[in-house]
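Structural overview
Below are the chains, spelled out letter by letter.
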Amino acid sequence: MKSAILVFPGINRERDMARALQLASGSEPAMVWHADTELPKGTDLVVVPGGFSYGDYLRCGAIAARAPVMDAVRKFAGDGGLVLGVCNGFQILCESGLLPGVLMRNARLKFICHDVHLRVERSDTPFTRGYNAGQVIRVPVAHGEGNYEADEETLQRLEGDGRVLYRYCSASGEVSDAHNINGAAASIAGIVSERGNVLGMMPHPENHVEAIMGCTDGRGLFAGLVEHLAKAA
Amino acid sequence: MSSKPTPITPELVASHGLKPDEYQRILTLIGREPSITELGIFSAMWNEHCSYKSSRIHLKGLPTKAPWVLVGPGENAGVIDIGDNQAIVFKMESHNHPSFIEPYQGATTGVGGILRDVFTMGARPIACLNALSFGAPEHPKTRRLVSGVVAGVGGYGNSFGVPTVGGQVRFHTRYDGNILVNAMAVGLADADKIFLAAASGVGMPIVYLGSKTGRDGMGGATMASAEFDNDSDEKRPTVQVGDPFAEKLLLEACLEIMAADCVIAIQDMGAAGLTCSAVEMGAKGDLGVDLDLDAVPTREPGMTAYEMMLSESQERMLMVLKPEKEKQAEAIFKKWGLDFAIVGTTTPTLRFVVKHGGEVKADLPIKELGDEAPLYDRPHVESPKLPVIHARDIKPPIGVVEALEKLIGSPELCSRRWVWEQYDHVIGGNTVQRPGGDAAVVRIEDGPKGLALTVDVTPRYCEADPYEGGKQAVAEAYRNITAVGGKPLAITDNLNFGNPERPEIMGQLVGCLKGIAEACIALDSPIVSGNVSLYNETNGRGILPTPSIGGVGLLDDFTKSATLAFKAEGEAILLIGETRGWLGQSVYLRDICGREEGAPPPVNLEAEKRNGTVVRGMIHSGTATAVHDLSDGGLLVALAEMAIAGRIGASLDAGPEAIVPHAWWFGEDQARYIVTVPQDELLGVLTKLKAVGVPCLQIGTTAGHTLSIAGERAVDIKALEHAHESWFPNYMGGKA
Amino acid sequence: MKARVTVTLKTGILDPQGKAIEGALKSLGVAGIASVRQGKVFDIELAGADPAQAEAALKDAADKLLANTVIENYNIEVRS
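All figures in this text were calculated on a predicted structure; none of them were measured in a lab.

**Considering the pairing of strand β15 (residues 440–443) of chain B**
All names here are of chain B. A two-sided burial pattern is seen for β15, the buried positions comprising Ala440 and Val442 on one face and Val441 and Arg443 on the other. In the sheet, strand β14 (residues 431–433) pairs with β15 via two bridges, with the strands oriented antiparallel. Paired with threonine 431 across the two strands is valine 442, which belongs to β15. Linking β14 back to β15 in an antiparallel pair, the connection comprises six residues, with glycine 436 at a positive phi of about 110 degrees. Bridge count for β15 against strand β16 (residues 450–456) is four bridges, and the pairing is antiparallel. When the bridges of β16 are listed, valine 441 appears paired with alanine 452. Counted between consecutive antiparallel strands, the loop separating β15 from β16 contains six residues, among which glutamate 445 sits at a positive phi close to 45 degrees.

What follows is the structure, encoded as structure tokens:
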């Protein structure tokens, strides 16, 4: 795997992401500065990490989505390259037009940091092949604006095309308002683009890859990506 | 000097917080009337906040040295060596008054300030903690203040990208008009790359880095040293606004230029901004400083020299660069989009000269600005000793189980989840123990070392007996670090008191410091940094004396740590330490009996050390499966917390005949822990502890889903958990 | 009756949002931007018909909730 992590001013989970990718793949990801206009040659995975790019001033992810490097990312995604956006990365991908919809303020208007359960909706994608369909995983969230919204038509298309990959749920996999931590439409925690090569998700699988954090459920996502790219190569 | 100098009237002097005799001292020192800019500089340097004029002579009694202390008090933060060329940089600081006026911004700038103190020394911040004291829950302002402060602490730390891993939240009517916001930051640096404030070399360029200067917090340090009255809400100076994004850029830029070996000296611009930082850089390096204010990046037009020297705009730094590296440093600053300007030079004159618009606005002796600050040995009276309360004289108004049900869901002892879930406590991926335990545990880089971090103080003890209360604050930090398996190494303190001009308040400060010093010596934990916040007083009523103690301990192997949750059924529950049933100043006495009375529990430092060493040994050997320190609420509250956390109940023996039940279960005797061990280890542990003279008693066994005391009604753990978790969200939602 | 309440930061108060947006606009090459300050707009519908009463109610609303008067100013515009 030859991954590249985008670094915008104000991003703060790039080190967490680098550690998770390194553990999963054994190779060190490249750090790509926002002002760069090209991705490193041979990049096969672009990661937009979490944080508060440009302070999340104006709108979450809005300023970063217009940074020079994003043109290169759009081209990379257009050629079918894999792009993973987590938390602020998800917000940036939505603002950049690579994913539909928008992340609004949490329904309860507060920043929330705690472990949530996610139901993996299907396992036949590069971003979920490390799990079984219907499997419930536990990963932390840490966000103030993770309430996914889109117009009715978009939501129907997402559901109809099976593009919702992760959903907030109970420990036993039940999806309900009680477990929808931020008020997201249809309890959506993560979606993919139409071609299935761009994933955006609010929770942080990269923070649950080592036993020291009390849970390693996040590993599957990265292991699946490594496996997918190894097969593709 | 200026063509139309502002006349220095007695009123002007007083409005700068300078007393007539202090002004006289200025006249004597410089031999003429100061300019308005100079008066501002003196007021900044000589106020309580910067000069420690009331506390300095008593702070001298604190132990500050140990073989592992690399930098003690006096720099931006303290530094300790943890081996392998790794150093831990940490400090705690208050932002009390600004947080009362504008809770969100007050808290953000408090967190921002302490983070800057840490990364200024070359460390990457790896954890934040805080200690928050609010007024009574029923006070009309409390809810808004809690909401604003918590959002502010989170808002800054979350965006900056440092995990907030622990802290304290308390409510008491004595904080109604003066809340306390104490923020602590902890960073990791290379032990051989610590950066200090002292400039060196004559003719070196002094560089200004960070956000532009505005009229923020004009005279904030002066404000932080003034008592409030009812009009304070109206007399607001310009509020400082925190910009965590700018600070994150500043962090990355600073670490990058430090790694590129460009920096000779660096100083954060905190309270009294440019004045304090420039003077300290020069004075510490035995150099003069020439400042050219025309070069200072400003946010607003028409700022005067006076305003620029006293501005408290946030996210700014002053540094002396190696001249040959100036271009390289500038490129790094530009890359991060930060303002960068050469605003002065070091001189051999030992004068602090400030120029603006071609005029000299100030010309003062730089060493004397700090060294000749007033020093007061203020009159102090010892707090009267309160009588020891005998448990048998306290009639329990309700039964033991009912008292537990009430206490576990009380404002004092309920879960703080509502607070810490607003803080990102997992960023970094190193938070081995998250908030809610005795101390947080944070892995250092890829391990195996870990840090145990805690903030502690029991203000009601300090009020009742400052000396014992001071000891207790240090002892509790020691116990909390020990309970997770850490070896306590050093302490930062944040001393919050009322008006030191009142002898009884000064007596509290002196008493607490004596207790703190004694405990630090006995427990081998020197004080390496700290902050004093006085005048926390409204209409002549001071806060409870609140010397917050931030403790840092080391785990050689973070996997050898303990948590408080019961781990399995059928394990022996041991009470370690001596129990006499001390109810004076206990939460039980206050919240169940409605009496804030008596002497607080005495602290036996030898017992603390002996018991702590034994408990740490049991954790490291793997004998202990769960460990919890006993503090507020005593034995039964601690057991309930362990049961709730592990979702495993306990079957408990009745207490000994010699102690009345409510004193046994709720007394707050010190130096105690609960430890669980597997049955097959029990005999060995009891024998071993007896041999080393550590009191140890099996008080029950983990079992089932209830807490059941022999002869009492069993109580369901789920019900306890519900009560424990409900108070805070209900209160904040307006339901409690 | 409709009204608009505009809340802006007081002069001299740091505006991190405005500053970052200003920087972004400049780096996007939008010409002629000297400075940006960010604020909030509230469009409010009122039940009554008396403009003076409405103005008083809105002032109350702004003082109590819409604006943080420690750091913000507000402006009320009542349109009938």
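**Looking at helix α25 (residues 717–732) of chain B**
All names here are of chain B. Helix length check: α25, at 16 residues, gives a terminal C-alpha distance of 24 Å against a target of 22 Å (1.5 Å per residue), a fit within 8%. At serine 726, α25 shows its strongest bend, of approximately 40 degrees, with the proline proline 729 following within four residues. Among the residues of α25, Ile717, Leu720, Ala723, His724, Trp727 and Phe728 are the ones counted as buried. Check the buried side of α25 and you find it contacts α15 (400–408), α16 (417–420), α22 (634–646), β27 (706–709) and β28 (715–716). Glycine 734 sits one or two positions beyond α25 and adopts a positive phi of about 85 degrees.

**Digging into helix α1 (residues 16–27) of chain C**
For α1 of chain C, built from twelve residues, the straight-helix expectation of 16 Å at 1.5 Å per residue is met to within 8% by its first-to-last C-alpha distance of 17 Å. Among the residues of α1 of chain C, Pro16, Gln17, Lys19, Ala20, Ile21 and Ala24 of chain C are the ones counted as buried. Considering only its buried residues, α1 of chain C is in contact with α10 (244–259) of chain B. Directly after α1 of chain C, the chain includes glycine 29 of chain C, whose backbone phi takes a positive value near 85 degrees.

**What to know about the UniProt feature "binding site: substrate" (unreviewed entry) in chain B**
Residues and elements named next belong to chain B. According to UniProt, the positions carrying the feature "binding site: substrate" (unreviewed entry) are Ser94, His95, Asn96, His97, Arg116, Gln240, Glu312, Ser313, Gln314 and Ser533. Here histidine 95 lies in the loop between β3 (86–94) and α6 (96–101). Beyond its immediate sequence surroundings of up to four residues, histidine 95 is in contact with Gly106, Ala107, Thr109, Gly110, Gly113, Val181 and Ala183. Mapped onto the secondary structure, glutamate 312 falls in the loop between α12 (305–310) and β10 (316–321). With 30 C-beta atoms packed within 10 Å, glutamate 312 lands in the buried category.

**A look at the nonpolar core**
Leu453 and Val474 of chain B are the most contacted members of the largest nonpolar core, which totals 317 residues. Element by element, the count of residues in this core is highest for helix α19 (residues 503–522) of chain B, at ten residues. Excluding residues within four positions of it along the chain, leucine 453 of chain B makes contact with Ala127, Leu129, Val165, Gly166, Val186, Ala439, Ala440, Val442 and Val552 of chain B. In this structure, Ala3, Leu58, Ala62 and Ala67 of chain C belong to the second largest nonpolar core, which totals eight residues.

**A look at the sheet that holds β3 of chain B**
All names here are of chain B. What the six strands build is an open sheet, ordered β1-β2-β3-β6-β4-β5; its pairing is mixed. The strands lining the two open edges of the sheet, one partner per strand, are β1 (69–71) and β5 (164–171). The mean angle between the axes of side-by-side strands here comes to 20 degrees, regardless of whether they run parallel or antiparallel. Helix-sheet contacts for helix α7 (residues 103–119) involve β3, β4 (124–134) and β6 (180–190), and the interaxial angle to β6 is about 25 degrees. Taken strand by strand, helix α8 (residues 142–160) contacts β4, β5 and β6, and its axis lies near 175 degrees from that of β4.

**Description of the sheet that holds strand β12 (residues 351–356) of chain B**
Residues and elements named next belong to chain B. Taken in spatial order, the seven strands line up as β8-β10-β7-β11-β9-β12-β13 in an open sheet, and their pairing is mixed. Each edge of the sheet is formed by a strand with only one pairing partner; in this case those strands are β8 (263–268) and β13 (359–365). Shown here is a sheet whose adjacent strand axes are inclined to one another by a mean of 25 degrees, direction ignored. Packed on one face of the sheet, helix α3 (residues 36–46) meets β12 and β13 and runs near 40 degrees to β13.

**Section: the interface of chain B and chain A**
Across the contact, 22 residues belong to chain B and 22 residues belong to chain A. Among the secondary structure elements, those contributing two or more residues to the side of chain B that touches chain A are α8 and α10 of chain B. With four residues, the top contributor of residues to the side of chain B that touches chain A is α10 of chain B.

**Some thoughts on the UniProt feature "active site" (unreviewed entry) in chain A**
Residues and elements named next belong to chain A. Mapped onto the present numbering, the UniProt feature "active site" (unreviewed entry) falls on Cys87, His204 and Glu206. In sequence the annotated residues extend across 120 residues, while in space they remain close, none of their C-alpha pairs exceeding 11.0 Å. Of note, cysteine 87 is situated in the loop between β4 (82–86) and α3 (88–95). Excluding residues within four positions of it along the chain, cysteine 87 makes contact with Arg13, Gly50, His143, Met202 and His204. Tracing the sequence through the fold places histidine 204 in the loop between β11 (198–201) and α5 (219–232). Discounting chain neighbours no more than four positions away, the residues touching histidine 204 are Arg13, Gly50, Val86, Cys87, Val139, Pro140, Val141 and Ala142.

**A look at the UniProt feature "domain: PurM-like C-terminal" (unreviewed entry) in chain B**
Annotation from UniProt places "domain: PurM-like C-terminal" (unreviewed entry) at residues 202–354 and 569–703 of chain B. The annotated region residues 569–703 of chain B carries 40% helix and 18% strand content, and the separation between its end C-alpha atoms amounts to 5 Å.

**Focus: the pairing of β4 of chain A**
Residues and elements named next belong to chain A. With five of five residues buried, β4 is to be regarded as a mostly interior element. Going residue by residue along β4, you find Leu82, Leu84 and Val86 tucked away on one face and Val83 and Gly85 tucked away on the opposite face as well. Strand direction decides the pairing type here: strand β3 (residues 45–48) and β4, joined by four bridges, are parallel. Paired with valine 48 across the two strands is glycine 85, which belongs to β4. Running through helix α2 (residues 69–78), the crossover from β3 to the neighbouring parallel element β4 is right-handed. Note that β4 and β11 share four bridges and pair parallel. Residue pairing across strands places valine 86 opposite methionine 201, the latter belonging to β11.

**As for the confidence of the model for chain B**
Residues and elements named next belong to chain B. The predicted model of chain B has a mean per-residue pLDDT of 94, with 97% of residues at 70 or higher. Note on residues 221–225: pLDDT under 50 across the span, and 22 contacts to partners over four residues away in sequence or across chains. Low pLDDT, under 50, characterises residues 231–236; the predicted model gives this stretch two contacts beyond four residues in sequence or across chains. At the level of chain-chain contacts, confidence expressed as ipTM amounts to 0.96, with global pTM at 0.93.

**Some points on the packing of helix α1 (residues 14–25) of chain A against α5 of chain A**
Residues and elements named next belong to chain A. Where α1 contacts α5, the two axes come as close as 9 Å, and the packing angle between them is 55 degrees. Taken as axis vectors, α1 and α5 run oblique relative to one another. For the element pair α1 and α5, the recorded crossing hand is right-handed. On the side of α1, the interface is formed by Ala20, Leu21, Ala24 and Ser25, while α5 contributes Arg219, Phe222, Ala223 and Val226. Classifying every residue of the contact of α1 with α5 gives six nonpolar, one polar and one charged.

Each value, and the rule that gives it
The written sequence of each chain sets the order in which its residues are numbered from 1. Ligands are numbered from 1 and chains lettered from A, in the order in which they are written. Per-residue local features of the predicted model are confined to residues with pLDDT of at least 70, and side-chain atom pairs are confined, for both listing and counting, to 80 or more; whole-chain, interface and lining totals are unaffected and use all residues. Remark: C-beta atoms are placed from the backbone, and a residue is labelled buried if 20 or more other C-beta atoms sit within 10 Å of its own, exposed if 12 or fewer do, or partly exposed between those counts. Starting at the N terminus, helices and strands are each numbered in turn, a helix being any DSSP run of H or I of at least four residues and a strand any DSSP run of E of at least two. At least two bridges found by DSSP between two strands are what make those strands a pair. Expected span of a helix, by definition, is 1.5 Å for each gap between consecutive residues, and there is one gap fewer than residues. What we call the bend at a residue is the angle made by axes fitted to the seven residues finishing there and the seven residues starting there. Note on contacts: each residue gets a C-beta atom placed from the backbone, and two residues are in contact if those atoms are within 7 Å. UniProt positions are given in the numbering used here, feature names are shortened, and annotations may be inferred rather than shown by experiment. What we call a nonpolar core is a set of buried Ala, Val, Leu, Ile, Met, Phe, Trp, Tyr and Cys residues whose membership is set by joining through C-beta atoms within 7 Å. Fitted lines through C-alpha atoms serve as axes, helices being fitted only where they are in contact, and the angles separating the N-to-C directions of these axes extend from 0 to 180 degrees. Convention used here: a crossover is right-handed provided that the path from the first strand, over the helix, to the second strand proceeds clockwise when the strands point away from the viewer. Values of pLDDT, which run from 0 to 100, indicate the predictor's confidence residue by residue. Roughly parallel means an angle under 35 degrees; roughly antiparallel, over 145; roughly perpendicular, 65 to 115; everything else is oblique. A crossing counts as left-handed when the near helix is turned anticlockwise from the far one by less than a right angle, and as right-handed when that turn is clockwise. Classes in brief: Ala, Val, Leu, Ile, Met, Phe, Trp, Tyr, Cys and Pro nonpolar; Asp, Glu, Lys and Arg charged; the others, Gly included, polar.

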